[in-house]
Each structure stands twice: as C-alpha cells, then as structure tokens.
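Structural description and commentary
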Amino acid sequence: MNILITGGAGYIGSHVLKALLERGNDSVTVIDNFYSGSKEALITLESVGKFEFIKCDLSDTFSLREIFKTHKFDAIIHFAAFIEVFESTVKPLKYYLNNTANAANLINLAIEYGVGKFIFSSTAATYGEPESGVVSEQSPQNPINPYGKSKLMTEWILKDAAAANPNFKYGILRYFNVAGASSDGLIGQNYPNATHLIKVATQTITGKRESMSVFGTDYATKDGTCVRDYIHIEDLASAHLSVLEYLSSNDSDIFNVGYGRGFSVFEVIETAKKVSGVDFKVINASRRDGDPAVLISNADKLKTKTNWKPKKDSLELIISSALEWEKKLK
Ligand code: UDP
C-alpha cells in the first residue's frame, strides 16, 4: 500500500512507522512539522527501512494539496494533533483549529484524491467521565474538555464523510493510556514536557525531577487514586496495522485500544519503584481537574474482529521499557 502518515515523527506515529517499515510491504510517506515530533526518531528509523519525509504543517493547505497531487495514497494514518488536556482548556481554538479544522481539510483532500482508507487517532477522552469505569465503543461520549471535543468532532466528520462517499472508509482508534518504548531501544517518548504518569515517574527515577505528585487520593477506587488502562506502545502500534488490514475486507469501524484492565496511580508508582529499585519521592497532592476516577477499555471488539494479538500486557514491561528509554535521553 501507498500510505501517508501525518505526525510520523511523534511518539505514537514513529512507532507505527517503525512497525510498517519492519513489515516492509508498503511505500510510506511521512509528514510532520516537528512541533512535538522528533527528528532523531526519523533519523533512527532510516536504519529500519526506506520512507519519504516531507516537512509540512497541516494548516498549509497549499503544500498539502501538492503532496496529494504528486502521490497516490491508498491509506492515511492521521496522528498529527495537539494532545494536552489542560492546555486545551486555556487555548481551545488551538485545538479546534488543528485537531478538527485541519483534520477536516485532510479528510476532504483524501476524498478528493480517492484515498480509500483513513485511520484516525482518537481517544478515551471522548468518553468524558463514564458512570461505569469500563467503556465499550457504544458507551456515551460526553467529553469534558476541548481536547476530547476536538477529537470527537473529527469522529463525526469521518462518519458523515464515509456515509456520503462509499469508497472512503475510516478506522477510528480510541486510545487508552499509552506508555513505554520500543523493546529494541531504538525509539520512545521524546517530548520533555509530557505530563503523563509513567513518563513523569521515569523522569523522577532518573533524577530529572526531584519528586512527583499523586493527583488525588480520595477517589472512590480501591486505594483512592485514579485507575487507568495502560497499554504498551508496541501493542498500540500493531493495532493500526490490524485495523488497516481489517478495512481491506470490512466496512468502517471504531475500536477501543486498551487491554481491558486497570491499575491505580499508587500501583503504577509501586511497580515503578520495584522495577527501578529506586525509592523516589512521591507527594500526595489534590485532584487534577477533569480526571475521571476510572477509565478502562472494553477491548473485546478489537481482539475479536481483527487479527490484533497483544503481546506486552504487563505493567512491569511497560514501565521498564519506558525507563530504559528515559535513561538514554539527555
Ligand atoms: N497522574 C498523577 N501524577 C502525575 C501524572 C498523572 O497522579 O504526575 C495521574 C492523573 O491524575 C491520572 C493518572 O495519573 O489520574 C493518569 O494520568 P495521565 O496524565 O498519565 O493520563 P490521562 O488518563 O490523564 O490521559
């Protein structure tokens, strides 16, 4: 297949690029504006396989159209987006313009140039604060921040676009809490300002932070801290390949991407201490706005309808790979 990856220098995009290069069947073009993506990741991946890179911002509709004119893509995997929940609450338009408006333009070009498949990075944040912590693809979507809303609107655009264009199919992937790094140590999470729990824990272990905070210890959960479904980046990456293949003989569909089990913040911290052997400093702090108590995927659909076989469902493995990667970063 001739595949376009937007945001292919980013954390998730680069792992999917790596998986495609290792599979070796495709002609791959990557676009990225290096807002949060990593040039080093792309340089490293040149040793894994051949791909074309074009520096391009999705808001540059002229350049984007030129790329479509000169390439005949069969599929697009669209990662390029802003992802910080708190920032989205103070700069909502930044999120709507990139995650929704630029995505709409990309979808429009995809249809105009006859691209048959569109894989979209959506998020568990589109579910908002579910009553029961375990959500299936049919659970109500009531996002509670502009980030989740910007992604949900793009889901709607994709559904309407596919309904009106029979040759255009989408695969929407709603990610749960992705963490870890590639097991061969080649690539990982490069973005230094990431606020995610496992990233912060590994930064604390490696002395880049003096301590870390637990945001809320009074939730109605087993130990009072929030529970999340942490998934290894390599299993998340392989889900994209599975859904791409699924779309070859099936209609558009939506999939949760998680393991269907949860760990509390305290459990993650305990595991990080055990895996690293470092008893780092942890401060119990107040709740962070907008955190649901429990968010766990029902991931049966991805497992039963596609050929996806998770291989890294272990919190120890996720944290140790994240830690090995963090140790390599300056
Ligand atoms: N969290 C925390 N300390 C941190 C970062 C995160 O206690 O330094 C908590 C956060 O409040 C949430 C859970 O860890 O309950 C997962 O947060 P993360 O930002 O990793 O992912 P989210 O679920 O918000 O997408």
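Being a predicted model, the structure only gives us computed values, none of them experimental.

Concerning the sheet that holds strand β7 (residues 169-175)
One open sheet holds the 7 strands; their spatial order is β3-β2-β1-β4-β5-β7-β12, and the pairing between them is parallel. Strands at the two margins of the open sheet, each flanked by one partner only, are β3 (52-55) and β12 (253-257). Put simply, the sheet's adjacent strands are angled 20° from each other on average, direction ignored. Judged from the 4 bridges that link them, strand β2 (residues 27-32) and β3 form a sheet pairing that is parallel. Its bridge partner being in β3, Val30 is matched across the sheet by Phe53.

Some details on helix α1 (residues 11-23)
Its 13 residues give α1 an end-to-end C-alpha distance of 19 Å, which sits within 8% of 18 Å, the value for a rise of 1.5 Å per residue. All of the buried residues along α1 are Tyr11, Ile12, Gly13, Ser14, His15, Val16, Leu17, Lys18, Ala19, Leu20 and Leu21. Count one or two residues on from α1 and you reach Gly24, which has phi positive near 75°.

Focus on the pattern of salt bridges
A full pass over the atoms with the stated rule returns 20 salt bridges. Measuring nitrogen to oxygen at the nearest pair gives 2.9 Å for the salt bridge that ties Lys94 to Glu87. Owing to a relative accessible area of 15%, Glu87 belongs among the buried residues under this scheme. For Asp253, the salt bridge is made with Lys305, and the minimal N-O distance between the two is 2.8 Å. Linking Asp253 in strand β12 with Lys305 in helix α10 (residues 300-305), this pair joins segments that are 52 residues apart in sequence. Taking relative accessible area as the criterion, Lys305 reaches 43% and is therefore assigned partly exposed. Connected through shared salt-bridge partners, Lys18, Glu22 and Asp184 make up one network.

Quick look at the site of the ligand
Within the structure, the ligand sits among 14 residues, and Leu197, Ser213, Arg228, Arg288 and Asp291 are positioned closest to it. In this structure, an oxygen atom belonging to the ligand sits 2.8 Å away from a main-chain N or O atom of Leu197. A distance of 2.5 Å separates an oxygen atom of the ligand from a polar atom in the side chain of Asp291. Within the complex, 88% of the 510 Å² of free accessible area of the ligand lies under protein. Those elements that place two or more of their residues in the shell around the ligand are α7 (197-205) and β9 (211-215). Here the shell around the ligand takes 3 residues from β9, the largest share from any one element.

Concerning the sheet that holds strand β6 (residues 134-135)
In any sheet, the strands associate via hydrogen bonds between backbone groups, in a parallel or an antiparallel arrangement. Judged by pairing direction, the sheet is mixed, and its 4 strands sit side by side in the order β6-β15-β10-β13 without closing on themselves. Edge positions in the open sheet fall to β6 and β13 (263-264), since each of these has one partner strand only. Pairing analysis gives 2 bridges linking β6 to strand β15 (residues 294-297), with the strands arranged parallel. Within β15, the position partnered with Val135 by the bridge is Ser297.

Focus: empty space enclosed by the protein
The tally for this structure, following the rule as stated, stands at 1 cavity of 30 Å³ or more. Looking at the largest cavity, its volume works out to about 40 Å³. Surrounding the largest cavity, Ile83, Glu84, Tyr191, Ala194, Thr195 and His196 form its lining. Looking at the lining of the largest cavity residue by residue, the class counts come to 3 nonpolar, 2 polar and 1 charged.

A short note on the side chain of His78
As for its position among the elements, His78 is in strand β4 (residues 75-78). In terms of polar contacts, His78 uses its side chain to reach the side chain of Thr6, at 2.6 Å. Setting aside its immediate chain neighbours within four residues, His78 contacts Thr6, Leu58, Ala103, Leu106, Phe118, Ile119, Phe120 and Ser121.

What about the UniProt feature "domain: NAD-dependent epimerase/dehydratase" (unreviewed entry) in the chain?
Sites flagged by UniProt as "domain: NAD-dependent epimerase/dehydratase" (unreviewed entry) map to residues 3-258. In the segment residues 3-258, helix accounts for 40% and strand for 20%; the C-alpha atoms at its two ends are 24 Å apart.

Conventions and cut-offs
- Residues numbered from 1 in each chain as written.
- Predicted model: local features only at pLDDT ≥ 70, side-chain atom pairs only at ≥ 80, totals over all residues.
- Heavy atoms only, no water.
- Pairing = 2+ DSSP bridges.
- Helix = DSSP H or I, 4+ residues; strand = E, 2+ residues; numbered from the N terminus.
- Axes fitted to C-alpha atoms, helices over the stretch in contact; angles between N-to-C directions.
- Expected span 1.5 Å × (residues − 1).
- Buried < 20%, exposed > 50% of the residue type's maximum accessible area, 1.4 Å probe, protein only.
- Salt bridge = Lys/Arg side-chain N within 4 Å of Asp/Glu carboxyl O.
- Near = heavy atom within 4 Å.
- Polar contact = N/O pair within 3.5 Å; in protein donor to acceptor, adjacent residues only side chain to side chain.
- Areas by Shrake-Rupley, 256 points an atom, 1.4 Å probe, with all protein chains shown as cover.
- 1 Å grid on protein atoms, 1.4 Å probe; cavity = no way out; pocket = protein on both sides within 12 Å on 5 of 7 lines; lining within 4 Å.
- Points joined across faces, edges and corners; volume = space filled by probe spheres on them.
- Nonpolar A, V, L, I, M, F, W, Y, C, P; charged D, E, K, R; others polar.
- Contact = heavy atoms within 4.5 Å.
- UniProt positions renumbered as here; feature names shortened; annotations may be inferred.

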